[in-house]
Amino acid sequence: VSPAATAATTCYNSRFEADMTIPDGTVLKPYEKFVKIWRVANTGTCAWDEGFGITIWAGPAMDGVPAYYSPRDQIVQPGGVVDLVVEMRAPVEPGEYIAHWVMINDQQKTFGSDLVVYIKVVK
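No experiment lies behind these values; they were computed from the predicted model shown.

Chemist: Give a detailed account of the side chain of S14, specifying residues and quantitative values.
Modeler: Inspection of the secondary structure assignment puts S14 in strand 1 (residues 14-19). At 3.2 Å, the side chain of S14 forms a polar contact with the backbone nitrogen of S113. Each residue touching S14, except ones within four places of it in the same chain, is listed here: V40, A41, T43, W48, M103, F111, G112 and S113.

Chemist: Describe the environment of Y68, listing the residues and the values that go with them.
Modeler: Inspection of the secondary structure assignment puts Y68 in strand 5 (residues 67-68). For the pair formed by Y68 and P30, sequence separation is 38 residues and the distance between their alpha carbons is 28 Å. Residues within four places of Y68 in sequence aside, it is in contact with G51, F52, G53, D73, I104 and Q108.

Chemist: Got a sec to walk through the packing of aromatic side chains? Specific residues and values, please.
Modeler: Each aromatic ring pair is characterised by the separation of its centres together with the angle its planes make. Across all of its chains, the model carries five aromatic pairs by this definition. The rings of Y12, W48, F52 and F111 are connected pair by pair, giving a single aromatic cluster. Over the ring of Y31 we find R89, and its NZ or CZ is 4.0 Å from the ring centre.

Criteria and thresholds
Residues numbered from 1 in each chain as written. Predicted model: local features only at pLDDT ≥ 70, side-chain atom pairs only at ≥ 80, totals over all residues. Heavy atoms only, no water. Helix = DSSP H or I, 4+ residues; strand = E, 2+ residues; numbered from the N terminus. Polar contact = N/O pair within 3.5 Å; in protein donor to acceptor, adjacent residues only side chain to side chain. Contact = heavy atoms within 4.5 Å. Phe/Tyr/Trp six-rings, centres within 6.5 Å; stacked < 30°, edge-to-face > 60°. Lys NZ or Arg CZ within 6 Å of the ring centre and 35° of its normal.

What follows is the structure, given as structure tokens:
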């Protein structure tokens, strides 16, 4: 690993802390609206500010759209914790659904731990 790659990895990192809403295995009705909130810690050495956010990288988006920090948002310093919020909708068909989200920096590079949404849709 080159020193530059190591520095970049150390600069931006995150750790999943807790599901604040919709714990794994939550049962929802078809097409039911829900709000997923993950608590995430900044375990890197660089702050998260305007342009940082969260994006989906695998699985069904469930109508969730990437969310980005704006100039109004509080900067998350190293060691800080933030709640990341995405409004979603359960799929129409019954079944189990898993989606994976991840942090993204202002250069559109993903980093940090996997943030999972795991729901069961039941009629």
